[in-house]
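Residues per chain are reported as follows:
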Amino acid sequence: MSSRQSLPVVLVGAHGHGRWHLQNIDRLQRAGVPVHLAGICDPRPWTPEDGGPAPDLPVSARLDEVLDLARPAITIVSTPIHTHAELAVTAARAGSEILLEKPPTPTLAGFEQLVDDLSATGRACQVGFQSLGSQALAAVRALMADGVIGEVQGIGAAGAWQRDASYYARARWAGRRTLDGAPVVDGALTNPFAHATATALALDVAAGERGVADVQVELFRANPIEADDTSCLRLVTARGTTITVAVTLAADAEGEPYLVVRGTRGRIVLHDRLGRIRVERDGRVEVREHPAIDLLDNLAAHVSDPATPLLVPLAGTRAFMQVLEAVRLAPDPVEIPSAHRRVDVSGEFPRQVVPGSAAAVMRAADELALLSELGLPWAQPAVVVGG
């Protein structure tokens, strides 16, 4: 059991992904991590059917009320993307450290303003890229630096998930590029698969705050939404490393997202959610597994001892925000023609499926190619070059 004093935590946004945070706070507390739920802020009423908190816990739609009553050491902001900055700054100015869900903001300018605003408060902000808590990342970086697979040629990432109509009906902002005139950027690359890009950037030590260049973006959609559900990007980091990310939410087969580091003597495959590394070289295969550090646990440790570094500090996500900005400024997603997709009605809700899409995103990641370079009949993008 930790000897650190238990830190009060307020959760902003308890429905949707916020439920995971509720469960995680409870899990960490049971495991002896000194944190406890001290309040909830959510515009929707919190009912007993929600598996609600203790009766005397502050619950309000007004963040200032909850902050005043709970006096949290940490505030978790798990709300729609376009509301992140205001809520985070409000909590920080009340004296709380922040765990901010990804992506931090919907625009690069908003991100820079948030960095300045939070810096003025002196409060720490950890961004919720949970994949960056995996100790497998450091292990892969060490393998790259040691030349285990020879000279690194590039990093690819692939993700193939299946999402039905209910996924896009869950909230007004879901699947939108804008909402009521404000940027939202809720596409496959920037929200559900944001971890893929962030993890790929984290493998290249020179990224982070130094940024990226030559970002190319291709956005497609099988669903009747504003944002992309099948898409890819290719960029060059400050160190000159090529990174390609290809993802789809209209997959014909689901697979665990992975990253692949290509080298002149072999390759490294990383399943970051599993902490599993597969090293392939000289005709041999070696598999290793590494644990992960929870980001709330890490932030709590930093609060108790500022010498403990944050795993995902806000300023360190600037390269990811450059990618998000390129997606935001890219032409609207190109609709995949009906001849190249089908509707799966086997579940409770209909689901758009692009046959061959799972194999396509894997091939793009492995070959460091854009989808338009694979000869796919539906991958004919609009203008793709970003900043």
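Quick look at the structure, then. Remember, it's a predicted structure, so these values are computed and weren't measured experimentally.

What counts as what
- Residues numbered from 1 in each chain as written.
- Predicted model: local features only at pLDDT ≥ 70, side-chain atom pairs only at ≥ 80, totals over all residues.
- Heavy atoms only, no water.
- Disulfide = S-S within 2.5 Å.
- Salt bridge = Lys/Arg side-chain N within 4 Å of Asp/Glu carboxyl O.
- Buried < 20%, exposed > 50% of the residue type's maximum accessible area, 1.4 Å probe, protein only.
- Helix = DSSP H or I, 4+ residues; strand = E, 2+ residues; numbered from the N terminus.
- Phe/Tyr/Trp six-rings, centres within 6.5 Å; stacked < 30°, edge-to-face > 60°.
- Lys, Arg positive; Asp, Glu negative; His and termini not counted.
- Polar contact = N/O pair within 3.5 Å; in protein donor to acceptor, adjacent residues only side chain to side chain.
- Contact = heavy atoms within 4.5 Å.
- Pairing = 2+ DSSP bridges.
- Axes fitted to C-alpha atoms, helices over the stretch in contact; angles between N-to-C directions.

## Quick look at the state of the cysteines
- Here the structure, examined in full by the defined rule, presents 0 disulfides.
- The closest cysteine sulfur to the non-disulfide-bonded cysteine 41 is located on cysteine 125, 17 Å from its own sulfur.

## Some thoughts on the pattern of salt bridges
- A complete count under the given rule lists 26 salt bridges for this structure.
- A salt bridge links arginine 62 to glutamate 65; the nearest nitrogen and oxygen atoms lie 3.4 Å apart.
- By relative accessible area, which is 47% here, arginine 62 ends up partly exposed.
- One salt bridge in this structure joins arginine 170 and aspartate 186, with 3.9 Å as the shortest N-O distance. Of this pair, arginine 170 sits in the loop between helix 6 (165-168) and strand 8 (178-179) while aspartate 186 is found in the loop between strand 9 (182-183) and helix 7 (194-203), placing the two residues 16 residues apart along the sequence.
- A single salt-bridge network, built from bridges that share partners, covers Arg267, Arg278, Glu280 and Asp366.

## Quick word on unusual backbone geometry
- With an omega of -15 degrees, the peptide bond running from lysine 102 to proline 103 counts as cis.
- Mapped onto the secondary structure, proline 103 falls in the loop between strand 5 (97-100) and helix 4 (108-121).
- Phi is positive for aspartate 180, close to 50 degrees, though the residue is something other than glycine.
- Of note, aspartate 180 is situated in the loop between strand 8 and strand 9.

## With respect to the packing of aromatic side chains
- Taken as a whole, this structure holds 4 aromatic pairs when the rule is applied.
- A ring pair is formed by tyrosine 167 and tyrosine 168, whose centres lie 5.0 Å apart and whose planes are at 90 degrees; its orientation type is edge-to-face.
- Residue classification places tyrosine 167 among the buried residues on the basis of a relative accessible area of 17%.
- Relative to tryptophan 378, the ring of phenylalanine 220 lies with its centre 5.5 Å away and its plane at 90 degrees, an arrangement referred to as edge-to-face. Of this pair, phenylalanine 220 sits in strand 10 (residues 212-221) while tryptophan 378 sits in the segment after helix 10 (357-367); the two residues are 158 residues apart in sequence, bridging distant segments of the chain. Judged on exposure class, the residue phenylalanine 220 and its partner tryptophan 378 are both buried.

## As for the side chain of aspartate 228
- As for its placement among the helices and strands, aspartate 228 is situated in the loop between strand 10 and strand 11 (230-237).
- No salt bridge is formed by the buried aspartate 228, whose closest oppositely charged neighbour, arginine 177, lies at an N-O distance of 5.2 Å.
- There is a polar contact of 2.6 Å between the side chain of aspartate 228 and the side chain of serine 231.
- Leave out the neighbours within four places in its chain, and aspartate 228 touches Gly187, Ala188, Leu189, Leu219, Phe220, Val327 and Pro333.

## Side note on the sheet that holds strand 10
- Taken in spatial order, the 9 strands line up as 16-15-14-13-7-12-11-10-17 in an open sheet, and their pairing is mixed. Edge positions in the open sheet fall to strand 16 (284-289) and strand 17 (334-335), since each of these has one partner strand only.
- Where strand 15 (residues 276-281) meets strand 16, 6 bridges bridge the pair, whose relative direction is antiparallel. Residue pairing across strands places isoleucine 277 opposite arginine 288, the latter belonging to strand 16.
- Together, strand 7 (152-162), strand 13 (250-263), strand 14 (266-271), strand 15 and strand 16 form the strand contacts of helix 5 (residues 136-145), whose direction differs from that of strand 14 by roughly 170 degrees.
- The strands that helix 10 touches are strand 7, strand 12 (242-248), strand 13 and strand 14; relative to strand 13, the one it contacts most, it runs at about 10 degrees.

## A few points about the sheet that holds strand 2 (residues 35-41)
- What the 6 strands build is an open sheet, ordered 3-2-1-4-5-6; its pairing is parallel. The open sheet is flanked by strand 3 (59-60) and strand 6 (125-127), the only strands paired with a single partner.
- Taken together, the 3 bridges between strand 5 and strand 6 define a ladder with parallel strand orientation. Residue pairing in the sheet places leucine 99 in a bridge with glutamine 126 of strand 6.
- Running over the sheet, helix 2 (residues 63-70) touches strand 1 (7-12), strand 2, strand 3 and strand 4 (74-77) and is turned about 150 degrees from strand 2.
- Running at roughly 165 degrees to strand 5, helix 8 (residues 295-304) makes contact with strand 1, strand 2, strand 4, strand 5 and strand 6 of the sheet.

## Let's talk about the environment of glycine 110
- Tracing the sequence through the fold places glycine 110 in helix 4.
- For glycine 110, a relative accessible area of 24% translates into the label partly exposed.
- As a C-alpha pair, glycine 110 and leucine 296 span 186 residues in sequence and 24 Å in three-dimensional space.

Read these as geometric descriptors, not functional statements.
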